[in-house]
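What follows is each chain in one-letter form.
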Amino acid sequence: DEAAFDRYARLLDHAHREGLAILATLFHFTLPRWLAKEGACLSPRFPDRFARFADRVARRLGDRLDLVATVNEPSVLAFMAYAGTRWPPGLGRIDAYFGALAQILRAHAAGYAALTDARPGLRVGLVLNAPRFDPARPLRRDRLAAGLQDRFFSAIVLEALTRERPRLLGALGPLRVDSLPRIPGLRGSFGWLGLNYYGRYRVRFDPRAVRTLFGAHETECSVRMEGSDTDWGEIHPEGLREQLLRFAAASPGTPLYVTENGIMDPTDDRRAAYLEGHVAAMREAITQGAPVRGYFHWSLLDNFELAEGWQAPFGLVAVDRATGVRTPRARAYRFRELIAASR
């Protein structure tokens, strides 16, 4: 849609006039309806269509973009929409998780090649969600369940991007667990990596929880929205430091960005402590060698959360949906102080 490209060009030009650097994400879960009818991420044509889109973005907008992310959180989309049922198409099958994840990563690899071919020098990466998965009890079965969830959600993608031969999983009793297939062009297809981090999950072995790899989450300390089963995990700043160091070890020298970090906090009571703790954890990671180049708080404005709509306020700035009025929350200015101190 040429009118849409023109609109984004105007937005980007204005942002640059205001002194802002731009990280643009090409695929943040939404797809055209015509592609959804073809099978969405499972469509055999999805990677090629995404590459053509990426090529057009590079040619139309590439000179206005400081950083480009091809895909946001491949594992989250595959889990929520294909292994799970909460996001469309809601297939609810483990095998669909692997099929969708492989196709999303094929799309990333094809998009990365298209972007860098069309505009050499463009800094292209992708964004991974990597919460901490820790055993709820010092029991072998809890450690196994936590390790499996981390493997499916984080390690499998990180290894596919950075290793020649990712480790295989094998079989879990009657459940066959295959690793990702070898995807041409995937290894090393990033100039930077983004980490989205919100919290930690304490995992307890549960033989009934087949869809979540025999692990249930203890949620007493989790950040949760009333009336929703969405769980952003418990507040655990140390996990941000650990995951940044993990990314740094997986791909030494690759620039890292904290692309999402924040808290759903309707009362604005916990936001300041959350910010302070996580910024401090990021600084510790930097002092220990993690090449962190930037931090993006999620989010500046209250956003439309994918399953919860407008009911999960992440914004430093509250938005009245009826009037459009934007009101900074009290803790927004604490973030400004942290930015000033970091200079």
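Residues numbered from 1 in each chain as written. Predicted model: local features only at pLDDT ≥ 70, side-chain atom pairs only at ≥ 80, totals over all residues. Heavy atoms only, no water.

Caption draft 1: Representation of the sheet that holds strand β7 (residues 192-196) within the structure. Ordered by their spatial adjacency, six strands build an open sheet running β1-β2-β3-β7-β12-β13, and the pairing between neighbours is parallel. The sheet is open, and its two edges are formed by β1 (23-27) and β13 (292-295), each paired on a single side. Taking each pair of neighbouring strands and ignoring which way they run, the sheet shows an average axis angle of 30 degrees. The pairing of strand β3 (residues 124-129) with β7 spans five bridges and is parallel. When the sheet's bridge partners are listed, Val127 is paired in β7 with Gly194. (Pairing = 2+ DSSP bridges. Helix = DSSP H or I, 4+ residues; strand = E, 2+ residues; numbered from the N terminus. Axes fitted to C-alpha atoms, helices over the stretch in contact; angles between N-to-C directions.)

Caption draft 2: Highlighting the packing of aromatic side chains. In total, this model carries 16 aromatic pairs according to the counting rule given. Ring centres 5.5 Å apart and planes at 80 degrees place the aromatic pair Trp192 and Tyr257 in the edge-to-face group. With Trp192 in strand β7 and Tyr257 in strand β12 (residues 256-260), this residue pair connects regions lying 65 residues apart in the sequence. Overall, Trp192 belongs to the buried group, its relative accessible area being 1%. With relative accessibility at 9%, the residue Tyr257 sits in the buried group. By way of ring pairs, the aromatic residues Phe27, Phe46, Phe50 and Phe53 are connected into one cluster. Between Arg7 and the ring centre of Tyr8, over which it is positioned, the NZ or CZ distance is 5.9 Å. Against the face of Trp310 rests Arg321, its NZ or CZ located 3.6 Å from the ring centre. (Phe/Tyr/Trp six-rings, centres within 6.5 Å; stacked < 30°, edge-to-face > 60°. Buried < 20%, exposed > 50% of the residue type's maximum accessible area, 1.4 Å probe, protein only. Lys NZ or Arg CZ within 6 Å of the ring centre and 35° of its normal.)

Caption draft 3: Spatial organisation of unusual backbone geometry. In this model, Pro88 is joined to Pro89 through a cis peptide bond whose omega is 5 degrees. Of note, Pro89 is situated in the loop between α4 (74-83) and α5 (94-118). For the peptide bond that leads from Trp298 to Ser299, omega is 5 degrees, which places it in the cis range. With respect to the helices, strands and loops of the structure, Ser299 is situated in the loop between β13 and β14 (317-319).

Caption draft 4: Inspection of helix α6 (residues 140-162) at higher detail. Taking 1.5 Å as the rise per residue, α6 with 23 residues should run 33 Å; its terminal C-alpha atoms sit only 29 Å apart, a clear shortfall. Approximately 50 degrees is the largest bend angle found in α6, and it occurs at Arg151. Of all 23 residues in α6, 18 are buried; the element is thus mostly enclosed. (Expected span 1.5 Å × (residues − 1). Bend = angle between axes of the 7 residues up to and from the residue.)

Caption draft 5: View of the environment of Ala96. Looking at where Ala96 falls in the secondary structure, it is placed in helix α5. On a C-alpha basis, the gap between Ala96 and Asp229 in space is 22 Å, while along the polypeptide they are 133 residues apart. Beyond its immediate stretch of four places on either side in the chain, Ala96 contacts Leu42, Tyr82 and Leu91. (Contact = heavy atoms within 4.5 Å.)

Caption draft 6: Here's a closer look at helix α1 (residues 2-17). With 16 residues, α1 extends 23 Å between its outermost C-alpha atoms, agreeing within 8% with the 22 Å of an ideal straight helix rising 1.5 Å per residue. Considered for burial, the residues of α1 that qualify are Phe5, Ala9, Leu12 and Ala15. End-on view of α1: buried residues confined to an arc of 130 degrees, all on one side of the axis. Facing away from the buried side of α1 by over 90 degrees, the exposed positions are Ala3, Arg10 and Arg17. Along its buried surface, α1 packs onto α3 (46-61). (Arc of directions from axis to C-beta.)

Caption draft 7: Spotlight on the packing of α3 against α5. Direction vectors running N to C along α3 and α5 enclose 30 degrees, while the axes themselves pass 8 Å from each other. Classified by the angle their axes make, α3 and α5 are roughly parallel. Crossing of α3 over α5 shows right-handed handedness. From α3, Phe46, Pro47, Phe50, Ala51, Ala54, Asp55, Ala58 and Arg59 reach across to α5, where they touch Gln103, Ile104, Arg106, Ala107, Ala110, Gly111, Ala114, Leu115 and Ala118. Tallied by class, the residues present in the contact of α3 with α5 amount to twelve nonpolar, two polar and three charged. (Parallel < 35°, antiparallel > 145°, perpendicular 65-115°, else oblique. Left-handed = near helix turned anticlockwise from the far one by under 90°. Nonpolar A, V, L, I, M, F, W, Y, C, P; charged D, E, K, R; others polar.)

Caption draft 8: How the structure looks around the packing of α5 against α6. It is at 12 Å that the axes of α5 and α6 come closest, and there the two elements cross at 40 degrees. In terms of crossing hand, the pair formed by α5 and α6 is right-handed. Across the interface between the two elements, Tyr97, Phe98, Leu101, Leu105 and His108 of α5 pack against Phe152, Phe153, Ile156, Val157 and Leu161 of α6.

Caption draft 9: Quick look at the side chain of His236. Mapped onto the secondary structure, His236 falls in the loop between β11 (231-234) and α7 (237-250). Owing to a relative accessible area of 15%, His236 belongs among the buried residues under this scheme. Ignoring anything within four residues of it in the chain, the contact list for His236 reads Arg132, Tyr197, Arg200 and His278.

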